[in-house]
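What follows is the residue order along each chain.
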Amino acid sequence: MSIMEHVGVRPVTAVAWTSNTGTCPKDFTLISITEDGSAANFTRSFAMRSGYYLCYSKSTSSGMVVSDIVLLSDKDSIRPGYCYIQEHLEAKASVTKKKRLCVRVVPVGSVDTAVLDIKVTTKSKMMLQQYTCLGDINGYVMWCKKGPFASPLPQAKPRSVSLDLRGLSLDQLQPPFPLRPSNPPPPLPPPVRLSQRRHSLSSKDTVDKPADGSLQTITALDGVPFSLHPKFESSANGMAPHLNAQLNNIRIKSLQDIENEYSYTFAVEESAAKRTRTLVATAQ
């Protein structure tokens, strides 16, 4: 197999012993038949009723891969970085093992090559191409294939979607709800009553107003009600009744009323200006 063909193969992430399919862990593949068609029960030489099968997993949830696998005798010491494979057996099952299977498990991003497949054959002269022979155990021969592998992509965990998010789905077409602002604009203040001065403006003044509708004769005091300070009101209440009557008879005069009552033609100033111009011309 070429390197390009190896890249698309997932690596082996765990290896274990199991008694049958009932004790085989989830996401593990049980090797029940050898490559030459025999039952792959490693307890046949012990005359035991309980099974003893090899299984392996390629699940990427652990983030680890099996970079190497070796078969050691009971007299050999385990190598640094290696560990015995796990056993998922029935409660009463006990197997005497003269050889032990060890694996080296490393993080998926720390190596470029790993164990890609495991096969079992009977003890014969059968050879598996592109596989490495690990040795024999209980009348069986174990094989493994190594090579480069494709790094598994991280799997997203399923997340519960709330009812509010489900309501945002485009598949469910529902009429839109009316908009309800959480902070409505403040209500407009009541219109200010026009003062007597503005109310008495003549039509001549309104004709000359600008195009935007604003009035040039409006001052900052327009619309401000007139009232006495509370301390003066208390003093006025203590005065004689005729003084209170005089205060009550005070009439607020408009601009037009003042101009009509105090009409001034500036005739004196004009005559004085003419005399001044005449004296200056004679002196020259």
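Residues numbered from 1 in each chain as written. Predicted model: local features only at pLDDT ≥ 70, side-chain atom pairs only at ≥ 80, totals over all residues. Heavy atoms only, no water.

Draft legend 1. Inspection of the overall build of the protein at higher detail. Tallying secondary structure elements over the protein gives eight helices and 10 strands in all. Looking at the protein as a whole, 24% of its 284 residues are labelled buried. Across the protein, contacts joining residues at least 24 apart in sequence account for 71% of those joining residues at least 6 apart. With an accessible surface of roughly 21400 Å², the protein has 57% of that area assigned to carbon and sulfur atoms. (Helix = DSSP H or I, 4+ residues; strand = E, 2+ residues; numbered from the N terminus. Buried < 20%, exposed > 50% of the residue type's maximum accessible area, 1.4 Å probe, protein only. Contact = heavy atoms within 4.5 Å. Areas by Shrake-Rupley, 256 points an atom, 1.4 Å probe, with all protein chains shown as cover.)

Draft legend 2. Inspection of the sheet that holds strand 6 (residues 86-88) at higher detail. Read across the sheet, four strands follow the order 2-3-1-6 without closing on themselves; strand pairing throughout is mixed. Of all strands in the sheet, those with a lone pairing partner are strand 2 (28-31) and strand 6, marking the two edges. The mean inter-strand angle of the sheet, taken between neighbouring strand axes irrespective of direction, is 30°. With four bridges connecting them, strand 2 and strand 3 (residues 53-57) associate as antiparallel partners. Its bridge partner lying in strand 3, isoleucine 31 is registered against leucine 54. (Pairing = 2+ DSSP bridges. Axes fitted to C-alpha atoms, helices over the stretch in contact; angles between N-to-C directions.)

Draft legend 3. A look at the sheet that holds strand 10 (residues 140-148). Taking strand neighbours across the sheet as the criterion, the three strands line up as 8-10-9 in an open arrangement whose pairing is antiparallel. Strands with a single pairing partner mark the edges of an open sheet, and in this sheet they are strand 8 (113-122) and strand 9 (132-137). Between one strand axis and the next, the sheet turns by 25° as a mean value, whatever way the strands run. Where strand 8 and strand 10 come together, nine bridges link them in antiparallel fashion.

Draft legend 4. Quick look at the nonpolar core. Ranked by size, the top nonpolar core spans 23 residues in total, and within it Val15, Phe42, Leu54, Ile69, Leu101 and Ile118 carry the most contacts. Looking at this core, the elements with two or more residues in it are strand 1 (14-18), strand 3, strand 4 (64-73), strand 7 (99-107), strand 8, strand 9 and strand 10. What valine 15 contacts, discounting residues up to four positions off in sequence, is Phe28, Leu54, Cys55, Tyr56, Ile85, Gln86, Leu101, Val103 and Ile118. (Core = buried A, V, L, I, M, F, W, Y, C linked by side-chain atoms within 4.5 Å.)

Draft legend 5. Summary view of unusual backbone geometry. Phi is positive for aspartate 27, close to 70°, though the residue is something other than glycine. Mapped onto the elements of the fold, aspartate 27 is located in the loop between strand 1 and strand 2. Unlike most non-glycine residues, glutamine 130 shows phi in positive territory, near 65°. Its location among the elements puts glutamine 130 in the loop between strand 8 and strand 9.

Draft legend 6. A look at the side chain of serine 254. Assignment of secondary structure puts serine 254 in the loop between helix 6 (241-248) and helix 7 (255-261). Side-chain polar atoms of serine 254 contact the side chain of aspartate 257, separated by 3.0 Å. (Polar contact = N/O pair within 3.5 Å; in protein donor to acceptor, adjacent residues only side chain to side chain.)

Draft legend 7. Just a nonpolar patch on the surface, in detail. Taken together, Phe226, Leu228 and Ile252 make up a surface patch of nonpolar side chains, about 340 Å² in accessible area. Looking at the secondary structure, you find phenylalanine 226 in the loop between helix 4 (203-207) and helix 5 (230-237). (Patch = residues over 30% accessible without salt bridge, like charges linked within 9 Å, V, L, I, M, F, W, Y side chains within 5 Å. Salt bridge = Lys/Arg side-chain N within 4 Å of Asp/Glu carboxyl O.)

Draft legend 8. Broad picture of the pattern of salt bridges. Here the structure, examined in full by the defined rule, presents four salt bridges. Of the charged contacts, one joins lysine 99 and aspartate 136 as a salt bridge, the two residues approaching to 3.9 Å between their closest N and O atoms. Of this pair, lysine 99 sits in strand 7 while aspartate 136 sits in strand 9, placing them 37 residues apart in sequence. Take aspartate 136: its relative accessible area is 28%, and that puts it in the partly exposed class.

Draft legend 9. Summary view of the side chain of aspartate 117. Tracing the chain through its elements places aspartate 117 in strand 8. Residue aspartate 117 is classed as buried on the basis of its relative accessible area, which comes to 13%. Engagement of the side chain of aspartate 117 in a polar contact is seen with the side chain of tyrosine 131, the distance being 2.6 Å. Apart from the residues lying within four places of it in its own chain, the contact partners of aspartate 117 are Val12, Tyr56, Tyr131, Trp143, Cys144 and Lys145.

Purely geometric stuff here, so don't read any function into it on its own.
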